Amino acid sequence: MIRLENITKTYELAKQEVTVLNDVSLNIFEGDFVGIMGRSGSGKSTLVNLIGFLDKKFKGTYYFEDKLVEQYTDDDLSKIRNENVGFVFQNFGLIENMTVGQNVELPLLYAGISNQEKTRLVAESLEKVGLADFVGQSVKLLSGGQRQRVAIARAIVNSPKFIIADEPTGALDSKTSVDIMQLFTDLNTTSGVTIILVTHDPNLMAHCNREIRVSDGEVVL
Ligand SMILES: Nc1ncnc2c1ncn2[C@@H]1O[C@H](COP(=O)(O)OP(=O)(O)OP(=O)(O)O)[C@@H](O)[C@H]1O
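Residues numbered from 1 in each chain as written. Predicted model: local features only at pLDDT ≥ 70, side-chain atom pairs only at ≥ 80, totals over all residues. Heavy atoms only, no water.

- Under the annotation held in an unreviewed UniProt entry, the chain carries the name ABC transporter ATP-binding protein and is attributed to Pseudolactococcus laudensis.

The structure is reproduced here in C-alpha coordinates:
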(Lines give C-alpha, C1' and ligand atoms only; values in the text may rest on other atoms or scores of the structure.)
Protein backbone atom coordinates (compact mmCIF):
# COMPACT_ATOMS: atom_id res chain seq x y z
CA MET A 1 0.00 0.00 0.00
CA ILE A 2 2.82 2.39 0.97
CA ARG A 3 6.15 2.20 -0.81
CA LEU A 4 8.96 4.64 -0.11
CA GLU A 5 12.06 4.48 -2.28
CA ASN A 6 15.24 6.38 -1.47
CA ILE A 7 13.51 9.17 0.44
CA THR A 8 15.73 12.00 1.62
CA LYS A 9 14.42 14.96 3.59
CA THR A 10 16.43 18.02 4.48
CA TYR A 11 15.69 21.16 6.45
CA GLU A 12 17.54 24.41 6.14
CA LEU A 13 18.74 25.58 9.53
CA ALA A 14 20.79 28.78 9.79
CA LYS A 15 21.60 28.49 6.07
CA GLN A 16 22.89 24.96 6.60
CA GLU A 17 21.21 21.93 5.02
CA VAL A 18 20.43 19.36 7.70
CA THR A 19 19.53 15.86 6.54
CA VAL A 20 16.74 14.43 8.70
CA LEU A 21 15.86 11.39 6.57
CA ASN A 22 18.63 9.81 4.57
CA ASP A 23 17.84 7.42 1.71
CA VAL A 24 14.91 5.71 3.43
CA SER A 25 13.20 2.85 1.61
CA LEU A 26 10.37 0.82 3.12
CA ASN A 27 7.05 -0.88 2.43
CA ILE A 28 3.91 -0.96 4.52
CA PHE A 29 1.26 -3.49 3.59
CA GLU A 30 -2.48 -3.53 4.14
CA GLY A 31 -3.31 -5.04 7.54
CA ASP A 32 0.14 -4.31 8.98
CA PHE A 33 0.62 -3.11 12.53
CA VAL A 34 4.01 -1.45 12.16
CA GLY A 35 5.98 -0.02 15.03
CA ILE A 36 8.39 2.77 14.14
CA MET A 37 11.04 2.92 16.86
CA GLY A 38 13.94 5.25 17.39
CA ARG A 39 15.45 7.73 19.77
CA SER A 40 14.21 11.28 20.16
CA GLY A 41 15.24 13.32 17.13
CA SER A 42 15.94 10.28 14.94
CA GLY A 43 13.36 11.35 12.36
CA LYS A 44 10.28 9.28 13.25
CA SER A 45 7.75 12.12 13.14
CA THR A 46 9.29 13.53 9.97
CA LEU A 47 8.88 10.09 8.40
CA VAL A 48 5.24 9.61 9.38
CA ASN A 49 4.29 13.17 8.43
CA LEU A 50 5.55 12.37 4.98
CA ILE A 51 3.74 9.01 4.90
CA GLY A 52 0.53 10.79 6.04
CA PHE A 53 0.72 13.31 3.15
CA LEU A 54 1.40 16.24 5.49
CA ASP A 55 4.68 16.98 3.78
CA LYS A 56 5.48 16.65 0.11
CA LYS A 57 8.83 18.41 0.09
CA PHE A 58 11.26 15.50 -0.12
CA LYS A 59 13.54 13.76 -2.59
CA GLY A 60 12.89 10.21 -3.69
CA THR A 61 9.69 8.40 -4.61
CA TYR A 62 6.59 7.65 -2.60
CA TYR A 63 4.01 5.33 -4.10
CA PHE A 64 0.64 5.14 -2.37
CA GLU A 65 -1.44 2.31 -3.81
CA ASP A 66 0.94 2.22 -6.76
CA LYS A 67 0.46 5.89 -7.61
CA LEU A 68 3.23 8.44 -7.39
CA VAL A 69 2.48 10.93 -4.63
CA GLU A 70 4.55 13.70 -6.23
CA GLN A 71 2.09 13.94 -9.12
CA TYR A 72 -0.66 15.23 -6.81
CA THR A 73 -1.37 18.92 -6.19
CA ASP A 74 -1.73 20.22 -2.62
CA ASP A 75 -5.52 20.10 -2.99
CA ASP A 76 -5.39 16.49 -4.21
CA LEU A 77 -3.19 15.61 -1.24
CA SER A 78 -5.58 17.20 1.26
CA LYS A 79 -8.38 15.11 -0.20
CA ILE A 80 -6.27 11.93 -0.25
CA ARG A 81 -5.24 12.58 3.34
CA ASN A 82 -8.81 13.17 4.48
CA GLU A 83 -10.06 10.01 2.82
CA ASN A 84 -7.21 7.66 3.63
CA VAL A 85 -5.45 8.60 6.86
CA GLY A 86 -6.54 8.80 10.48
CA PHE A 87 -4.21 10.62 12.87
CA VAL A 88 -3.81 9.98 16.59
CA PHE A 89 -1.35 12.13 18.54
CA GLN A 90 0.11 12.12 22.03
CA ASN A 91 -1.93 15.12 23.15
CA PHE A 92 -5.21 13.93 21.60
CA GLY A 93 -5.89 17.08 19.54
CA LEU A 94 -9.55 17.32 20.54
CA ILE A 95 -11.56 20.53 20.28
CA GLU A 96 -12.42 21.40 23.86
CA ASN A 97 -15.66 23.31 23.34
CA MET A 98 -17.23 20.56 21.27
CA THR A 99 -18.96 17.40 22.38
CA VAL A 100 -17.48 13.94 21.93
CA GLY A 101 -19.77 13.32 18.95
CA GLN A 102 -18.88 16.63 17.27
CA ASN A 103 -15.18 15.84 17.59
CA VAL A 104 -15.62 12.39 16.09
CA GLU A 105 -17.70 13.81 13.23
CA LEU A 106 -15.01 16.27 12.08
CA PRO A 107 -13.44 14.09 9.34
CA LEU A 108 -16.91 13.59 7.84
CA LEU A 109 -17.65 17.28 7.32
CA TYR A 110 -16.28 17.31 3.78
CA ALA A 111 -17.44 13.87 2.79
CA GLY A 112 -20.80 14.97 1.37
CA ILE A 113 -22.87 12.50 3.34
CA SER A 114 -26.28 12.93 4.98
CA ASN A 115 -26.71 13.91 8.63
CA GLN A 116 -28.39 10.60 9.29
CA GLU A 117 -25.41 8.69 7.89
CA LYS A 118 -23.00 10.88 9.89
CA THR A 119 -24.88 10.11 13.10
CA ARG A 120 -24.72 6.40 12.31
CA LEU A 121 -20.98 6.45 11.56
CA VAL A 122 -20.18 8.46 14.70
CA ALA A 123 -22.21 6.04 16.85
CA GLU A 124 -20.51 3.03 15.23
CA SER A 125 -17.05 4.51 15.81
CA LEU A 126 -17.75 5.39 19.45
CA GLU A 127 -19.08 1.87 19.98
CA LYS A 128 -15.78 0.43 18.72
CA VAL A 129 -13.78 2.42 21.28
CA GLY A 130 -16.17 1.64 24.15
CA LEU A 131 -17.69 5.13 24.44
CA ALA A 132 -21.14 4.53 22.95
CA ASP A 133 -22.88 6.51 25.69
CA PHE A 134 -20.63 9.58 25.49
CA VAL A 135 -21.78 11.10 22.21
CA GLY A 136 -23.37 14.24 23.71
CA GLN A 137 -20.86 14.76 26.50
CA SER A 138 -18.38 17.62 26.58
CA VAL A 139 -14.79 16.49 26.08
CA LYS A 140 -13.75 18.78 28.95
CA LEU A 141 -14.97 16.20 31.46
CA LEU A 142 -13.05 13.24 30.06
CA SER A 143 -9.98 11.46 31.45
CA GLY A 144 -6.80 11.13 29.35
CA GLY A 145 -7.65 7.56 28.35
CA GLN A 146 -11.17 8.55 27.34
CA ARG A 147 -9.81 11.48 25.34
CA GLN A 148 -7.50 9.16 23.44
CA ARG A 149 -10.45 6.83 22.74
CA VAL A 150 -12.36 9.80 21.29
CA ALA A 151 -9.32 10.67 19.16
CA ILE A 152 -9.18 7.06 17.94
CA ALA A 153 -12.93 7.09 17.16
CA ARG A 154 -12.32 10.27 15.14
CA ALA A 155 -9.40 8.62 13.34
CA ILE A 156 -11.46 5.59 12.26
CA VAL A 157 -14.82 7.27 11.54
CA ASN A 158 -14.28 7.58 7.80
CA SER A 159 -12.74 4.10 7.46
CA PRO A 160 -9.26 5.29 6.53
CA LYS A 161 -6.77 3.00 4.76
CA PHE A 162 -4.30 3.50 7.59
CA ILE A 163 -3.89 5.15 10.97
CA ILE A 164 -0.81 7.04 12.09
CA ALA A 165 -0.49 6.97 15.86
CA ASP A 166 2.44 9.18 16.95
CA GLU A 167 3.31 8.39 20.60
CA PRO A 168 -0.39 7.75 21.37
CA THR A 169 0.31 6.60 24.93
CA GLY A 170 2.91 9.27 25.69
CA ALA A 171 0.55 11.26 27.95
CA LEU A 172 -1.13 8.27 29.62
CA ASP A 173 -0.39 6.23 32.74
CA SER A 174 0.83 2.67 32.23
CA LYS A 175 -2.51 0.93 32.82
CA THR A 176 -4.39 3.25 30.46
CA SER A 177 -1.59 2.82 27.92
CA VAL A 178 -2.13 -0.95 27.94
CA ASP A 179 -5.88 -0.42 27.36
CA ILE A 180 -5.24 1.93 24.45
CA MET A 181 -2.73 -0.46 22.88
CA GLN A 182 -5.25 -3.28 23.27
CA LEU A 183 -7.80 -1.14 21.45
CA PHE A 184 -5.37 -0.62 18.54
CA THR A 185 -4.69 -4.37 18.50
CA ASP A 186 -8.44 -5.11 18.36
CA LEU A 187 -8.96 -2.62 15.53
CA ASN A 188 -6.09 -4.22 13.64
CA THR A 189 -7.13 -7.84 14.14
CA THR A 190 -10.92 -7.55 13.98
CA SER A 191 -11.44 -4.62 11.59
CA GLY A 192 -8.20 -5.06 9.61
CA VAL A 193 -7.16 -1.42 10.15
CA THR A 194 -3.55 -0.81 9.11
CA ILE A 195 -1.70 0.90 11.94
CA ILE A 196 1.58 2.80 11.92
CA LEU A 197 2.66 3.37 15.50
CA VAL A 198 5.49 5.73 16.41
CA THR A 199 7.05 5.16 19.78
CA HIS A 200 10.28 5.13 21.69
CA ASP A 201 8.85 2.58 24.14
CA PRO A 202 10.10 -0.95 23.32
CA ASN A 203 7.31 -2.47 25.45
CA LEU A 204 4.75 -1.40 22.85
CA MET A 205 6.47 -3.45 20.15
CA ALA A 206 4.75 -6.60 21.45
CA HIS A 207 1.54 -5.30 19.83
CA CYS A 208 3.14 -4.83 16.40
CA ASN A 209 3.70 -7.42 13.71
CA ARG A 210 6.69 -5.54 12.32
CA GLU A 211 9.29 -3.11 13.56
CA ILE A 212 10.96 -0.35 11.58
CA ARG A 213 13.90 1.10 13.40
CA VAL A 214 15.02 4.63 12.62
CA SER A 215 18.44 5.83 13.67
CA ASP A 216 19.89 9.22 12.69
CA GLY A 217 17.45 9.50 9.79
CA GLU A 218 18.13 6.04 8.41
CA VAL A 219 16.09 2.85 8.56
CA VAL A 220 18.24 0.19 10.16
CA LEU A 221 17.41 -3.50 10.22
N1 LIG B 1 10.50 22.15 10.80
C2 LIG B 1 11.75 21.78 11.11
N3 LIG B 1 12.79 22.59 10.80
C4 LIG B 1 14.06 22.22 11.09
N5 LIG B 1 14.38 21.04 11.69
C6 LIG B 1 13.39 20.21 12.01
C7 LIG B 1 12.02 20.53 11.75
N8 LIG B 1 11.26 19.49 12.18
C9 LIG B 1 12.10 18.58 12.70
N10 LIG B 1 13.39 19.00 12.61
C11 LIG B 1 14.57 18.26 13.05
O12 LIG B 1 14.54 16.98 12.46
C13 LIG B 1 15.06 15.98 13.33
C14 LIG B 1 14.08 14.84 13.45
O15 LIG B 1 12.91 15.29 14.11
P16 LIG B 1 11.65 14.34 14.33
O17 LIG B 1 10.64 15.15 15.06
O18 LIG B 1 11.28 13.70 13.07
O19 LIG B 1 12.28 13.25 15.31
P20 LIG B 1 11.54 12.17 16.21
O21 LIG B 1 12.32 10.92 16.05
O22 LIG B 1 10.10 12.12 15.87
O23 LIG B 1 11.74 12.78 17.65
P24 LIG B 1 10.81 12.71 18.96
O25 LIG B 1 10.78 11.25 19.37
O26 LIG B 1 11.52 13.57 19.95
O27 LIG B 1 9.46 13.23 18.57
C28 LIG B 1 15.36 16.70 14.64
O29 LIG B 1 16.73 16.96 14.70
C30 LIG B 1 14.57 17.98 14.55
O31 LIG B 1 15.19 19.00 15.26
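**So, the nonpolar core**
Moving on, step 1. Counting residues in each nonpolar core, the largest one holds 37 residues, and the members touching the most others are Val100, Val104, Leu126, Ile152 and Phe184.
Moving on, step 2. Elements represented by at least two residues in this core include exactly strand E3 (33-37), helix H3 (100-105), helix H4 (115-128), helix H5 (144-156), strand E7 (162-166), helix H6 (174-191) and strand E8 (194-199).
Moving on, step 3. At six residues, the largest contribution of residues to this core is made by H5.
Moving on, step 4. Non-local contacts of valine 100, meaning those with residues more than four positions away in its chain, are made with Leu126, Phe134, Val135, Gln137, Val139, Leu142 and Val150.
Moving on, step 5. Among the nonpolar cores identified, the runner-up in size contains 30 residues, and Tyr62, Ile80, Ile196 and Val198 belong to it. (Core = buried A, V, L, I, M, F, W, Y, C linked by side-chain atoms within 4.5 Å. Buried < 20%, exposed > 50% of the residue type's maximum accessible area, 1.4 Å probe, protein only. Helix = DSSP H or I, 4+ residues; strand = E, 2+ residues; numbered from the N terminus. Contact = heavy atoms within 4.5 Å.)

**Description of the site of the ligand**
Moving on, step 1. Taken together, Tyr11, Val20, Arg39, Ser40, Gly41, Ser42, Gly43, Lys44, Ser45 and Thr46 make up the full set of residues near the ligand.
Moving on, step 2. Between the ligand and glycine 43, the relevant distance is 3.0 Å, taken from an oxygen atom to a main-chain nitrogen or oxygen of the residue.
Moving on, step 3. With the chains in place, 58% of the 640 Å² that the ligand exposes on its own is no longer accessible.
Moving on, step 4. Take the shell around the ligand: its biggest share by element is three residues, from helix H1 (residues 44-51). (Near = heavy atom within 4 Å. Polar contact = N/O pair within 3.5 Å; in protein donor to acceptor, adjacent residues only side chain to side chain. Areas by Shrake-Rupley, 256 points an atom, 1.4 Å probe, with all protein chains shown as cover.)

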